[in-house]
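Survey of secondary and tertiary structure
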Amino acid sequence: MMLMLAVQAISLEEIEILRERAADMLIRHFPAAVTAPPVIIVEIDEASLSALGQWPFPRDTLAGVIERLNAAGSLIAMTILTAEPDSASPQRVFDRMGILPPEGIELPDSDAILAQALASGLAIGPAVMTNGSGEQLRSRSGFAQAGDDPLIYLPRFSRAIIPTEPVRSAYKALGAINMQTDRDGVLRWIPLLFALDGQLFPSFPTEVLRLAQGAGSTLIKTTGASGESGDNGIIAIRTGAAEIPTDKRGRLRF
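Let us look at the structure shown here. (Residues numbered from 1 in each chain as written. Predicted model: local features only at pLDDT ≥ 70, side-chain atom pairs only at ≥ 80, totals over all residues. Heavy atoms only, no water.)

Considering all chains together, one arrives at twelve salt bridges under this definition. With its nearest N and O atoms 3.8 Å apart, the salt bridge here joins Arg 92 to Asp 109. On the criterion of sequence distance, the pair formed by Arg 92 in helix H5 (residues 90–97) and Asp 109 in the loop between H5 and helix H6 (110–119) is long-range, its members being 17 residues apart. Among the residues examined, Arg 92 registers a relative accessible area of 25% and is labelled partly exposed. (Salt bridge = Lys/Arg side-chain N within 4 Å of Asp/Glu carboxyl O. Helix = DSSP H or I, 4+ residues; strand = E, 2+ residues; numbered from the N terminus. Buried < 20%, exposed > 50% of the residue type's maximum accessible area, 1.4 Å probe, protein only.)

Each α-helix winds once per 3.6 residues, and so residues spaced three or four apart point in a common direction. Inspection of H6 places Ser 110, Asp 111, Leu 114, Ala 115, Ala 117 and Leu 118 among the buried residues, and these make up the whole buried set. Down the axis of H6, the buried set is contained in an arc of 160 degrees. They therefore lie on one face. Of the surrounding elements, those touching the buried residues of H6 are helix H4 (59–71), H5, strand S2 (122–130) and helix H7 (167–170). Capping the start of H6 is the job of one residue whose side-chain oxygen sits 2.9 Å from the backbone nitrogen of Asp 111: Asp 109. (Arc of directions from axis to C-beta. Contact = heavy atoms within 4.5 Å. Polar contact = N/O pair within 3.5 Å; in protein donor to acceptor, adjacent residues only side chain to side chain.)

With that out of the way, let us pick up the sheet that holds strand S10 (residues 217–222). What the four strands build is an open sheet, ordered S3-S10-S11-S12; its pairing is mixed. Edge strands, defined here as strands with exactly one partner in the open sheet, are strand S3 (142–146) and strand S12 (242–245). Across this sheet, the average inter-strand angle for adjacent strands is 20 degrees, counted without regard to direction. (Pairing = 2+ DSSP bridges. Axes fitted to C-alpha atoms, helices over the stretch in contact; angles between N-to-C directions.)

Below, the discussion takes up the pairing of strand S9 (residues 199–202). Put simply, side chains in a regular strand alternate between the two faces of the sheet. Where strand S8 (residues 193–196) lies against S9, four bridges are found, and the strand directions are antiparallel. The residue bridging Ala 195 from the neighbouring strand is Leu 200, located in S9. A loop of two residues connects S8 with S9, the two strands running antiparallel in sequence, and Asp 197 in this loop sits at a positive phi of about 50 degrees.

Next up on the list: unusual backbone geometry. A cis amide bond links Trp 55 to the next residue, Pro 56, at an omega of 5 degrees. Counting through the fold element by element, Pro 56 comes out in the loop between helix H3 (46–52) and H4. For the peptide bond that leads from Glu 165 to Pro 166, omega is 5 degrees, which places it in the cis range.

Another aspect to go through is the pairing of S12. Across the two faces of S12 the burial differs, with Ala 242 and Ile 244 buried and Glu 243 and Pro 245 not buried at all. Hairpin connection from strand S11 (residues 234–239) to S12: two residues lie between these consecutive antiparallel strands, with Gly 240 at a positive phi of about 60 degrees.

Time to look at the side chain of Arg 59. Mapped onto the fold, Arg 59 is located in helix H4. For Arg 59, a relative accessible area of 11% corresponds to the buried category. Looking at Arg 59, its side chain comes within polar contact range of the side chain of Asp 111, at 2.5 Å. With near-sequence residues (within four places) excluded, Arg 59 lies in contact with Thr 82, Glu 84, Pro 85, Asp 86, Ser 110, Asp 111, Leu 114 and Thr 164.

Strand order in this open sheet of three strands is S4-S8-S9, and the pairing throughout is mixed. Lying at the two open borders of the sheet, with one neighbouring strand each, are strand S4 (156–157) and S9.

By themselves, these figures tell us nothing about what the structure is for.
What follows is the structure, given as structure tokens:
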């Protein structure tokens, strides 16, 4: 009887946390075998700061990195959110000082330099979903649905914080970089889709996967699709040749 009372005293939320922590322990002790992906991570670390100065770097410095990656034929996934014009751009420095540049000299615009570098290759940029201040945004990729409406299972937002122009237009696509922890504060899931102002919007990893394969759209499978069953929600997303099983909220576990 005491055991039954103790079990009843544990809330469903606490049971969910215990289950997730048990899964965490299994993952730590029995990690899945993985092969090295063809990905290069360009970090802004202490060595970078020592060589190039304090952060944020001028955008023409970032453009130099992008140009080197373009020369290697890389798909560039840029997670730096350049939401405001570059304050280090020469014209803006002169404007803040309230002086005119020497006559006949055209000052470079570092945002335009970065945009040119991004536009000359294949680059994906970041967006931050928000229900506060921001802008309206629509995905540049297409979506197809099989089954129930996936929007009702996704985290909902009304606006997005996005890169400033002309950098924004230089990206081939934008993907949401939002992450959300579980109730115990641990990050376990990668969201693959969002609901933005009543429309489907891809996460950053989803857009990277799509453009890496040259795919034009993403298929979302939910319960109600032909041959699909289980708890109501999203089952998988498919883009190009890759099909990713998800939880009912369209998330992939780490």
